[in-house]
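# Fold and contact review
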Amino acid sequence: MQIQDSQTLDGIAILATVSRADRDQLARQCKWRRHAGGEQIIDSQSETRDVFFVVGGLVRVVNYSMSGREVTLDDIGPGGYFGELAAIDGEPRSASVMAREETLTAALSPEGFATLIERHPVVGVAIMRGLARIIRQSTDRIMDLSTLGANNRVHAELLRQARACSTDERTAEIRPIPVHSDIASRVSTTRETVARVLNDLARDGVVRRAKDALVVLDMEKLERLVEEVRGI
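The rules behind these values
Residues numbered from 1 in each chain as written. Predicted model: local features only at pLDDT ≥ 70, side-chain atom pairs only at ≥ 80, totals over all residues. Heavy atoms only, no water. Pairing = 2+ DSSP bridges. Helix = DSSP H or I, 4+ residues; strand = E, 2+ residues; numbered from the N terminus. Axes fitted to C-alpha atoms, helices over the stretch in contact; angles between N-to-C directions. Contact = heavy atoms within 4.5 Å. Salt bridge = Lys/Arg side-chain N within 4 Å of Asp/Glu carboxyl O. Buried < 20%, exposed > 50% of the residue type's maximum accessible area, 1.4 Å probe, protein only. Expected span 1.5 Å × (residues − 1).

A word on the sheet that holds strand β9 (residues 172-174). As summarised here, the arrangement of the 3 strands in space is β9-β11-β10, forming an open sheet in which the pairing is antiparallel. Of all the strands in the sheet, the pair left with one neighbour each is β9 and β10 (207-209). When the angles between neighbouring strand axes are averaged without regard to direction, this sheet yields 20 degrees. Pairing analysis gives 3 bridges linking β10 to strand β11 (residues 214-216), with the strands arranged antiparallel. By the bridge assignment for β11, Arg 208 is matched with Val 215. Its contacts with the sheet place helix α5 (residues 150-165) against β9 and β11, and it is angled at close to 110 degrees to β9.

This paragraph deals with the pattern of salt bridges. Scanning the entire structure with this criterion turns up 20 salt bridges. The shortest N-O distance in the salt bridge between Arg 60 and Asp 75 comes to 2.7 Å. Residue Arg 60 is located in strand β4 (residues 59-64), and its partner Asp 75 is located in strand β5 (residues 70-76); the two are separated by 15 residues in the primary sequence. When the shortest N-O distance is used, the salt bridge between Arg 133 and Asp 74 registers 3.7 Å. Note that Arg 133 is positioned in helix α4 (residues 121-147) and Asp 74 in strand β5, a separation of 59 residues in sequence. Judged by its relative accessible area of 39%, Arg 133 falls in the partly exposed class. Look at the salt bridges and you will find they share partners, linking Arg 60, Asp 75, Arg 100, Glu 157, Arg 160, Asp 182 and Arg 186 into a network.

Along the polypeptide, Gly 83 turns up in the loop between β6 (81-82) and α2 (84-89). Taking the C-alpha atoms as reference, Gly 83 lies 15 Å from Ala 126; in sequence the two are 43 residues apart.

Now for the sheet that holds strand β3 (residues 51-56). A sheet is described by the order of its strands in space; here 4 strands give the open sequence β1-β8-β3-β6, paired in antiparallel fashion. Because the sheet does not close on itself, it has two edges, and the strands there are β1 (31-35) and β6. One ladder, built from 5 bridges, connects β3 with strand β8 (residues 103-108); its direction is antiparallel. Each bridged residue has a counterpart across the sheet, and for Phe 52 the counterpart in β8 is Ala 107.

On to α5, then. Helix length check: α5 (16 residues) gives 23 Å between terminal C-alpha atoms against 22 Å at 1.5 Å per residue, within 8%. Taken residue by residue, α5 has Asn 152, Arg 153, Val 154, His 155, Ala 156, Glu 157, Leu 158, Leu 159, Gln 161 and Ala 162 as its buried positions.

Attention shifts here to unusual backbone geometry. Note that the residue after Arg 175, namely Pro 176, is joined by a cis bond; omega there is -15 degrees. Located in the positive-phi region is Gln 45, a residue other than glycine, with phi close to 75 degrees. Examined against the element boundaries, Gln 45 turns out to sit in the loop between β2 (40-42) and β3. The class for Gln 45 is exposed, based on a relative accessible area of 54%. Positioned with a positive phi, Ser 188 is a non-glycine residue whose angle comes to about 60 degrees. Inspection of the secondary structure assignment puts Ser 188 in the loop between α6 (180-187) and α7 (191-203). Judged by relative accessible area, which is 32%, Ser 188 ranks as partly exposed.

Below is the structure:
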């Protein structure tokens, strides 16, 4: 999908309470840039401190093990933001960020970011909630890596994605279809393991592959597969 050229921050969620005039002024302070799919936007350990708003497209936050294995931390779409940690504490970047497709970003300097929070405390509260979400997700991930086998980590990741898009808590359609390598990167396993787990779930009637989605037919059973191992 083609990204429009208009340089507006109207779609950025954390700026929803900021007046239109202040958003327009903020947009003029930003450095706007288009990124091709696969392009690196932030390099881990770099000294840059800008905060990036995702105006259009999709980015992936990743880190790499000593062996070079890619570990996916998050995907951020239109309306999201990234880079706030370095702007807050002045330390080097904690992860790399890549454009997954053509992406339009607006980069705000750390000084501009600090001024934004000072003038709009509600934005600061939204930032804090975002950081709390990251901490909770990291805690869950550490527990899963410490306590679950590879098969169960795949179950847990599918359940997380299903809950995010379910409308009735019984079934879900995950769109687009999760790529095996993406799931493997998120849960620190192999693509072969992911393929095997998905085949087993399909055979047991828990999931079904549709044309453009992975349909979770029985979220309750998927939850049991995860909770029985977690001991919940």
